[in-house]
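Read off the chains here:
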Amino acid sequence: MNVAIFEVRFGIGDEGDHPIEALSFHQPKFCPTATWNSNGITWANRPIVGSQRLAIFVNMNNTIYVANGAKNQILVWHEENVNPTTIISGSFTKPRSLFVTTNGDIYIDNGQTNGEVQKWIAETNTFVTVMNVNSSCFGLFVDRNDTLYCSMYNHHQVVKKSLNDHVVTPAAGTGILGFASNELSMPTGIFVDVNFDLYVGDCVNNRIQLFQSGESYCITVAGSGSSNPTITLLNPTGIVLDAEKYLFIVDTGNHRIVRSGLNGFRCLVGCHGMGSQSKQLNVPTSFSFDRSGNMFVTDEHNHRIQKFVLMKDCFVWHEENVNPTTIISGSFTKPRSLFVTTNGDIYIDNGQTNGEVQKWIAETNTFVTVMNVNSSCFGLFVDRNDTLYCSMYNHHQVVKKSLNDHVVTPAAGTGILGFASNELSMPTGIFVDVNFDLYVGDCVNNRIQLFQSGESYCITVAGSGSSNPTITLLNPTGIVLDAEKYLFIVDTGNHRIVRSGLNGFRCLVGCHGMGSQSKQLNVPTSFSFDRSGNMFVTDEHNHRIQKFIYEENLCGKLKNNRMRS
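Residues numbered from 1 in each chain as written. Predicted model: local features only at pLDDT ≥ 70, side-chain atom pairs only at ≥ 80, totals over all residues. Heavy atoms only, no water.

Caption draft 1: Molecular detail of unusual backbone geometry. Unlike most non-glycine residues, His156 shows phi in positive territory, near 55°. For His156, the position within the fold is in the loop between β12 (147–152) and β13 (157–162). Overall, the relative accessible area of 10% leaves His156 in the buried class. Positive phi, normally seen in glycine, also occurs at Asn235, with a value near 55°. Among the structural elements, Asn235 can be located in the loop between β18 (218–223) and β19 (236–241). (Helix = DSSP H or I, 4+ residues; strand = E, 2+ residues; numbered from the N terminus. Buried < 20%, exposed > 50% of the residue type's maximum accessible area, 1.4 Å probe, protein only.)

Have a look at this one:
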């Protein structure tokens, strides 16, 4: 039996995706094996961004800021609109970098000609000078203590100042070009972590230097002189540290983006040599992540910005190994569900962006499109007749098609939001039994609907409107029917798993209220049983998978054991 692991939101924010609320930019948490589509999408080209050096910043709201040095403008895209929605013109000249804070204020380099850093104040739509420097700032950063950092490329030093005073002090480097551990040679990108440790792209020295807060010495963490030399860098510039403290580096001279990991560094994008093809870069200089983990790279000598889409990883555990034994990468985006058939083929939702369901063929290790839909599938199911079902959350309908033809037909719901017996409101989990009866988690209607095979009507079998109301549901999602035709339901809004029985419903796990303790859940969304009857639950807002052990000697009582967090 295979029940999908998927994502569903109920007006609860993505607070867990970004553990440091004070950050204005995305610092995603990626799995160690995360991959990006090697073929980039040109987000903006020369007519939009010009022909001079580019800098980019993506904030927590997915607003994209780009410094256009050719026209002395800051271009702003809101929520990934195709064209800039705002253009901010200023008196800055050939800006090398910019940084945006949580309130929308923009710090921009104006050092080459005017020896300053300017701040565009969002509230007043005006520019002010906030720092005087005698060099361009090839990197800018504002930390959580409102300290502004500038990497002075031509002066081999990083300086800083509190935004609450006017004193500029050294942060890294002596100001003299050199290769010693306390020296820099034309520093570029900088990054300050939550502990106020400073990472510097020591460009001409071909290394990344770490200046730890409060320490008088620095450490080479990548490149030339590193104690763990697993990567050779050439003129590194942009740096990002992810939520797990893995380094992402713009390896400019090698025209690629690389990332550290448990086994050293590996190339992520631009891994096919310098060039202008979609899978190539030519002098990349900076990058930033959006909230989906997609990567935006300034591809300077190609005069464009490339977007590289995060390819979600599918993890497979065999026989309860501690770590995944197989990781299958694909081009699907934000999958909400998956279903695995007896021969090992995997069906996975790819509807949000690409309007399709993909099938990973176990025999050939390849993906093919098997169903075209105009919505994410919040539930997928393949029945005994090889009919594929998709619950279209945003279209209030379940559709189906035989895997032997191309015709997609309605299976449940009219496609119009409603509470009538033949209507659905944002359906999620689905289950088809051996008689081809279809059970649907009618999420916003807080009920489970049964559409019997060959019948024109449906029955509410649990929740709001049931003829036997022994349970109150709130946003039910996952559904499983056991061999005795008892229903197991993920009662998502009540943060629990419930089961029907001879005397009505009862709570099985998550019966102690919302929380993060081992006996609690926080927005569970789906579940599945192993062959021993143990239950695996996706505990979404706790960012973990919980395993509840079936204890047969206690007449079916389930005991909690957290498996994966």
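Caption draft 2: Representation of the confidence of the model for the protein chain within the structure. Per-residue confidence for the protein chain averages 88 on the pLDDT scale, and 92% of its residues sit at or above 70. Note that residues 1–21 has pLDDT below 50 and, in this model, 60 contacts with residues that lie over four places away or in other chains. (pLDDT = per-residue confidence, 0-100. Contact = heavy atoms within 4.5 Å.)

Caption draft 3: Region of the structure containing empty space enclosed by the protein. Under the defined criterion, the tally for this structure stands at four cavities of 30 Å³ or more. Of the pockets and cavities examined, the largest cavity occupies roughly 380 Å³. Ile56, Ile190, Ile239, Ser286 and Phe287 are, among the 28 residues lining the largest cavity, the residues nearest its centre. Breaking the lining of the largest cavity down by element, the ones donating at least two residues are β3 (54–58), β7 (98–100), β11 (137–142), β15 (187–192), β19 and β23 (284–289). For the lining of the largest cavity, the element with the most residues is β23, which contributes five residues. (1 Å grid on protein atoms, 1.4 Å probe; cavity = no way out; pocket = protein on both sides within 12 Å on 5 of 7 lines; lining within 4 Å. Points joined across faces, edges and corners; volume = space filled by probe spheres on them.)

Caption draft 4: Spotlight on the state of the cysteines. Counting across every chain of the model gives four disulfides. Disulfide pairing is shown between Cys137 and Cys150; the S-S distance is 2.0 Å. Measuring the twist about the S-S bond at about -95°, one finds the Cys137-Cys150 disulfide to be left-handed. On the criterion of sequence distance, the pair formed by Cys137 in strand β11 and Cys150 in strand β12 is long-range, its members being 13 residues apart. Judged by relative accessible area, Cys137 falls into the buried class, the value being 0%. Each disulfide pairs two cysteine sulfurs, and for Cys267 the partner residue is Cys271, the sulfurs being separated by 2.0 Å. Here Cys267 and Cys271 share a disulfide; its torsion about the S-S bond, -100°, makes the bridge left-handed. In the protein chain, numbering the disulfide-bonded cysteines from first to last in sequence yields the connectivity 1-2, 3-4, 5-6, 7-8. Between Cys203, a free cysteine, and Cys150, which holds the nearest cysteine sulfur, the sulfur-to-sulfur gap is 15 Å. (Disulfide = S-S within 2.5 Å.)

Caption draft 5: Just the pattern of salt bridges, in detail. Taken as a whole and judged by the stated rule, the model has 13 salt bridges. Arg207 is paired through a salt bridge with Asp202; the nearest N and O atoms lie 2.7 Å apart. Classification of Arg207 by relative accessible area gives buried; the value is 3%. Salt-bridge contacts for Asp539 lead to Arg544; the nearest nitrogen and oxygen are separated by 2.7 Å. For Arg544, a relative accessible area of 8% translates into the label buried. (Salt bridge = Lys/Arg side-chain N within 4 Å of Asp/Glu carboxyl O.)

Caption draft 6: Layout of the layout of surface pockets. Of the voids in this model, the second largest pocket is the one considered here, and its volume is about 590 Å³. Split into classes, the residues belonging to the lining of the second largest pocket amount to twelve nonpolar, five polar and six charged. (Nonpolar A, V, L, I, M, F, W, Y, C, P; charged D, E, K, R; others polar.)

Caption draft 7: Quick peek at the environment of Asn68. Mapped onto the fold, Asn68 is located in strand β4 (residues 64–68). The sequence separation of Asn68 and Ala55 amounts to 13 residues, and the corresponding C-alpha distance is 7.8 Å. For Asn68, the residues in contact, after removing those within four places along its chain, are Ile48, Val49, Gly50, Gln73 and Leu75. Separated by 3.3 Å, the side chain of Asn68 and the backbone nitrogen of Lys71 make a polar contact. (Polar contact = N/O pair within 3.5 Å; in protein donor to acceptor, adjacent residues only side chain to side chain.)

Caption draft 8: Main features of the packing of aromatic side chains. With the rule as written, the count across this model stands at 24 aromatic pairs. With 5.1 Å between their ring centres and 80° between their planes, Phe488 and Phe529 make a pair best called edge-to-face. With Phe488 in strand β42 (residues 487–491) and Phe529 in strand β45 (residues 524–529), this residue pair connects regions lying 41 residues apart in the sequence. For the pair formed by Phe488 and Phe529, the shared burial category is buried. Here a set of aromatic residues connected by ring pairs shows up, and it is made of Phe25, Phe57, Phe99, Phe141 and Phe191. Here Arg207 stacks its cationic end above the ring of Phe179, 4.3 Å away from the centre of that ring. Over the face of the ring belonging to Phe419 we find Arg447, whose NZ or CZ atom lies 4.3 Å from the ring centre. (Phe/Tyr/Trp six-rings, centres within 6.5 Å; stacked < 30°, edge-to-face > 60°. Lys NZ or Arg CZ within 6 Å of the ring centre and 35° of its normal.)

Caption draft 9: Focus on the nonpolar core. The biggest cluster of nonpolar side chains holds 69 residues, and the ones touching the most others in it are Trp36, Ile74, Leu98, Leu198 and Met295. Those residues in contact with Trp36 that lie beyond four places of it in its chain are Phe30, Phe248, Leu268, Val269, Phe289, Gly293, Asn294, Met295, Phe308, Val309, Leu310 and Met311. Counting residues in each nonpolar core, the second largest holds 49 residues, with Val370, Tyr439, Ile479 and Phe529 among its members. (Core = buried A, V, L, I, M, F, W, Y, C linked by side-chain atoms within 4.5 Å.)

Caption draft 10: Spotlight on the sheet that holds β4. In space, the four strands of this open sheet follow the order β3-β4-β5-β6, with antiparallel pairing throughout. Every other strand in the sheet has two partners, leaving β3 and β6 (86–89) as the edge strands with one partner each. Within this sheet the neighbouring strands show an average axis-to-axis angle of 20°, counted without direction. Of the pairings in the sheet, the one linking β3 to β4 comprises five bridges and is antiparallel in character. Paired with Ala55 across the two strands is Ala67, which belongs to β4. (Pairing = 2+ DSSP bridges. Axes fitted to C-alpha atoms, helices over the stretch in contact; angles between N-to-C directions.)

Caption draft 11: Fine view of the environment of Glu356. Along the chain, Glu356 falls in strand β31 (residues 356–361). Overall, Glu356 belongs to the buried group, its relative accessible area being 12%. Between the C-alpha atoms of Glu356 and Asn372, which are 16 residues apart in sequence, the distance is 4.3 Å. Those residues in contact with Glu356 that sit more than four places away from it in its chain are Asp349, Asn350, Gly351, Thr369, Met371, Asn372 and Val373. A polar contact is formed between the side chain of Glu356 and the side chain of Gln358, at a distance of 3.0 Å.

Caption draft 12: Quick peek at the UniProt feature "repeat: NHL" (unreviewed entry) in the protein chain. Sites flagged by UniProt as "repeat: NHL" (unreviewed entry) map to residues 515–551. From the first C-alpha to the last, residues 515–551 spans 23 Å; its make-up is 0% helix and 51% strand. (UniProt positions renumbered as here; feature names shortened; annotations may be inferred.)

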